[in-house]
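# Commentary on secondary and tertiary structure
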Amino acid sequence: EVPAVGIAIDVDPGYYNQKSQSWTLSLNKAHYAVMTPPPNDSSGNTFIYGHNRKDVFAKLLNIKTGDQAIVTTKNGHKFIYGMKTRHDTSPTDGSLFDYQGPPILTLQTCSGFWYQNRSLFVFDLQKVV
């Protein structure tokens, strides 16, 4: 969920296919990149991505610094994050997978003319309830 911009969406497992060089995508759900750490309170970058579509992550482009993202796990824990930064990058930039440090959440959607860029929204963990 990203309440400030009205996003409340299901998240399915997402995989990268080396052969086709493509990610699992859905027209109505976001995806958790399973090769990244799940939401936790110790370390790592939890990565969730989705299409820039009205029913997925299009509204992310309206988010502001400090807005919250809430990830609810299957066991009922709510991880609450605050938006820290946004930057655009190329689809081939894999640097987010190199992150090591305190727990963060990165949400990604496409942006730009012809959707050639990837907008990365980075959130710091605020609390777990």
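Everything here concerns the structure above.
Residue positions are given per chain, counted from 1 along the sequence in the order it is written. Residue-level local features of this predicted model are given only where pLDDT is at least 70; pairs of side-chain atoms are given and counted only at 80 or more, and the full residue set underlies all totals for whole chains, interfaces and linings. Each side-chain value is worked out from all heavy atoms of the structure, with water and hydrogens disregarded.

What follows concerns the overall build of the protein chain. In this text, helices come from DSSP runs of H or I with a minimum length of four residues, and strands from runs of E with a minimum of two, each type numbered from the N-terminal end. The helix and strand inventory of the protein chain stands at 0 helices and 9 strands. Across the protein chain, helices and strands are ordered from the amino to the carboxyl terminus as β-β-β-β-β-β-β-β-β. Against the compact-globule benchmark of 14 Å for 129 residues, the protein chain has a radius of gyration of 14 Å, which places it among compact chains. Taken over the C-alpha atoms alone, the protein chain extends approximately 40 × 30 × 25 Å along its principal axes. Throughout, exposure labels follow a simple rule: accessible area from a 1.4 Å probe, protein chains only, divided by the maximum for the residue type, with under 20% read as buried, over 50% as exposed, and the rest as partly exposed. Buried positions account for 40% of the 129 residues belonging to the protein chain. Pairs of residues are marked as contacts when any of their non-hydrogen atoms sit within 4.5 Å. In the protein chain, 59% of the contacts between residues at least 6 apart in sequence involve partners at least 24 apart. In this description, accessible areas are obtained by the Shrake-Rupley approach with a 1.4 Å probe, and a residue is regarded as covered only by the protein chains that are shown. Looking at the protein chain as shown, the accessible area adds up to about 7,500 Å², and 52% of this sits on carbon and sulfur atoms. The atom set for the radius of gyration is the C-alpha atoms, and the globule formula is 2.2 Å times the number of residues raised to the power 0.38.

When DSSP finds two or more bridges between a pair of strands, those strands are recorded as paired. Strand order in this open sheet of 7 strands is β1-β4-β5-β8-β9-β7-β6, and the pairing throughout is mixed. Strands at the two margins of the open sheet, each flanked by one partner only, are β1 (11-14) and β6 (68-72). Across the sheet, the axes of successive neighbouring strands diverge by a mean angle of 35°, strand direction being ignored. Across 10 bridges, the pairing between strand β7 (residues 78-89) and strand β9 (residues 117-128) is antiparallel. When the bridges of β9 are listed, Thr89 appears paired with Arg118. Each axis is a line fitted through C-alpha atoms, taken for helices only over the stretch in contact, and angles between the N-to-C directions span 0 to 180 degrees.

Side-chain rings of Phe, Tyr and Trp, where Trp is taken by its six-membered ring, are said to pair if the distance between their centres is within 6.5 Å; with planes under 30 degrees apart they count as stacked, over 60 as edge-to-face, and otherwise as tilted. All told, the structure shown has 6 aromatic pairs when counted by the stated rule. Ring centres of Tyr16 and Trp23 lie 5.2 Å apart, and the angle between their planes is 55°; on these two criteria the pair is classed as tilted. Accessibility expressed as a relative area gives 31% for Tyr16, which makes it partly exposed. Its relative accessible area of 27% is what places Trp23 among the partly exposed residues. Centroid distance Phe47 to Phe97: 5.6 Å. Interplanar angle 85°. Geometry classified as edge-to-face.

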